[in-house]
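Notes for the structure review
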Amino acid sequence: MADLSRYLPLSRRPDVDESGVTADRRTETAEVLRALAGALRRGGDALWATTTERAGWRVADVAAELATGFDRSRTRRAVEAAERFVRGGEARRLEELEPLASPAAAADVFEGRADEVVARRRPTGILDLDDAVVAALLVGGASGADLPIPGRASGAVALRRAAAAPTEIRAVIAGHALRATDAGWEFGHGSPLVDTANGLLRFLTGIGTVAPHPPTGDERATTGA
């Protein structure tokens, strides 16, 4: 699926002006960070202590990881991945996190980061957006309610994840287009597999195990397929 980049900006709407398409993800990243902040303020201490779908990780741990790791370079990411492998993988990574004091403190951090991202001249790339979206998926799952993720953000992260999917995920999506039933984007070749944007992201990131499916009659009518 190396040709997936041809499908940016992922819009399925006809006759859309795409002159403004860019790899800068500042706006989308800021929106996801603010959604995370809002969820943490609403959920308070109960959500803060809730276990996520990442084994052994609480919402507090997911927030700490995003707060400390956001905006690091590709080189730094590669070095950290190698160091984690040598030191003992995910369990060791969890032990080394610098905790945040409270959900309110984490919300303050994410709102501040969102403001910084929008205000600065330097663009924000897909990796930082991916980090924020993964955190949103985990926190949303723990809270029992999906966090709002803009269509352009969900599509961009889904595209990246599909292009670099591990064998078990690639085996499911190979030869198919992926279509978000609620976000207005689709990419790939072949017969479509569909789910909500959140559902597709959960599968592509490995957080969830429910695979996308061929469209039902209602889904074909909704998406115009």
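Below: a short report on this structure. (Residues numbered from 1 in each chain as written. Predicted model: local features only at pLDDT ≥ 70, side-chain atom pairs only at ≥ 80, totals over all residues. Heavy atoms only, no water.)

Our focus in this paragraph is the overall build of the protein. A count of helices and strands for the protein gives 10 helices and 3 strands. Sequence-ordered secondary structure for the protein, helices as α and strands as β, is α-α-α-α-α-α-α-α-β-β-β-α-α. Burial analysis of the protein (225 residues in total) assigns 44% to the buried set. For the protein, the accessible surface area stands at approximately 11200 Å², while carbon and sulfur atoms represent 52% of it. (Helix = DSSP H or I, 4+ residues; strand = E, 2+ residues; numbered from the N terminus. Buried < 20%, exposed > 50% of the residue type's maximum accessible area, 1.4 Å probe, protein only. Areas by Shrake-Rupley, 256 points an atom, 1.4 Å probe, with all protein chains shown as cover.)

Here we take up helix H1 (residues 26–48). A rise of 1.5 Å per residue sets the reference length of H1, with its 23 residues, at 33 Å; its end C-alpha atoms lie only 26 Å apart and thus fall more than 12% short of the reference. The largest bend in H1 is about 75°, located at Arg 42. (Expected span 1.5 Å × (residues − 1). Bend = angle between axes of the 7 residues up to and from the residue.)

What follows is about the packing of H1 against helix H2 (residues 59–69). Packing of H1 against H2 brings their axes to within 11 Å, and their N-to-C directions diverge by 145°. At the point where H1 passes H2, the crossing takes the left-handed sense. Counted together, Leu 33, Leu 36, Leu 40, Leu 47 and Trp 48 of H1 and Val 59, Ala 60, Ala 63 and Leu 66 of H2 form the full contact between these two elements. (Axes fitted to C-alpha atoms, helices over the stretch in contact; angles between N-to-C directions. Left-handed = near helix turned anticlockwise from the far one by under 90°. Contact = heavy atoms within 4.5 Å.)

Let us look at the side chain of Thr 52. Looking at where Thr 52 falls in the secondary structure, it is placed in the loop between H1 and H2. What makes Thr 52 buried here is its relative accessible area of 8%. A polar atom in the side chain of Thr 52 sits 3.2 Å from the backbone nitrogen of Arg 54. (Polar contact = N/O pair within 3.5 Å; in protein donor to acceptor, adjacent residues only side chain to side chain.)

For the rest of this paragraph, the subject is the pattern of salt bridges. Close approach of charged atoms allows side chains of opposite charge to pair. With the rule as written, the count across this model stands at 12 salt bridges. A salt bridge links Asp 61 to Arg 58; the nearest nitrogen and oxygen atoms lie 3.1 Å apart. With a relative accessible area of 11%, Asp 61 lands in the buried category. Since its relative accessible area comes to 36%, Arg 58 is described here as partly exposed. With a closest N to O distance of 2.9 Å, Arg 179 and Glu 186 form a salt bridge. According to the relative accessible area criterion, Arg 179 is buried, its value standing at 7%. Residue classification places Glu 186 among the partly exposed residues on the basis of a relative accessible area of 23%. Each of Arg 25, Glu 28 and Arg 152 takes part in one network of salt bridges that share partners. (Salt bridge = Lys/Arg side-chain N within 4 Å of Asp/Glu carboxyl O.)

Looking now at the pairing of strand E1 (residues 176–180). Of all 5 residues making up E1, 4 are buried, and the element is well covered by its neighbours. Here E1 runs beside strand E3 (residues 191–195); their pairing, made up of 5 bridges, is parallel. By the bridge assignment, Ala 180 is partnered in E3 with Asp 195. Two strands pair when backbone bridges link them, and E1 and strand E2 (residues 186–188) are joined in this way by 3 bridges, in the antiparallel orientation. In the strand pairing of E2, Arg 179 is matched with Glu 186. Where E1 folds back on E2, the antiparallel hairpin that results is connected by 5 residues, among which Gly 184 adopts a positive phi of roughly 75°. (Pairing = 2+ DSSP bridges.)

Moving on, we come to the side chain of Glu 28. Inspection of the secondary structure assignment puts Glu 28 in helix H1. We classify Glu 28 as buried; its relative accessible area is 7%. Of note is the side chain of Glu 28, whose polar atom sits 3.3 Å from the side chain of Arg 25. Discounting chain neighbours no more than four positions away, the residues touching Glu 28 are Leu 129, Arg 152 and Ala 153.

By secondary structure assignment, the location of Leu 200 is in helix H9 (residues 197–205). Residue classification places Leu 200 among the buried residues on the basis of a relative accessible area of 1%. Taking the C-alpha atoms as reference, Leu 200 lies 7.2 Å from Ala 180; in sequence the two are 20 residues apart. With near-sequence residues (within four places) excluded, Leu 200 lies in contact with Leu 178, Arg 179, Ala 180, Trp 185, Asp 195 and Pro 212.

That's the geometry; what it means functionally is another story.
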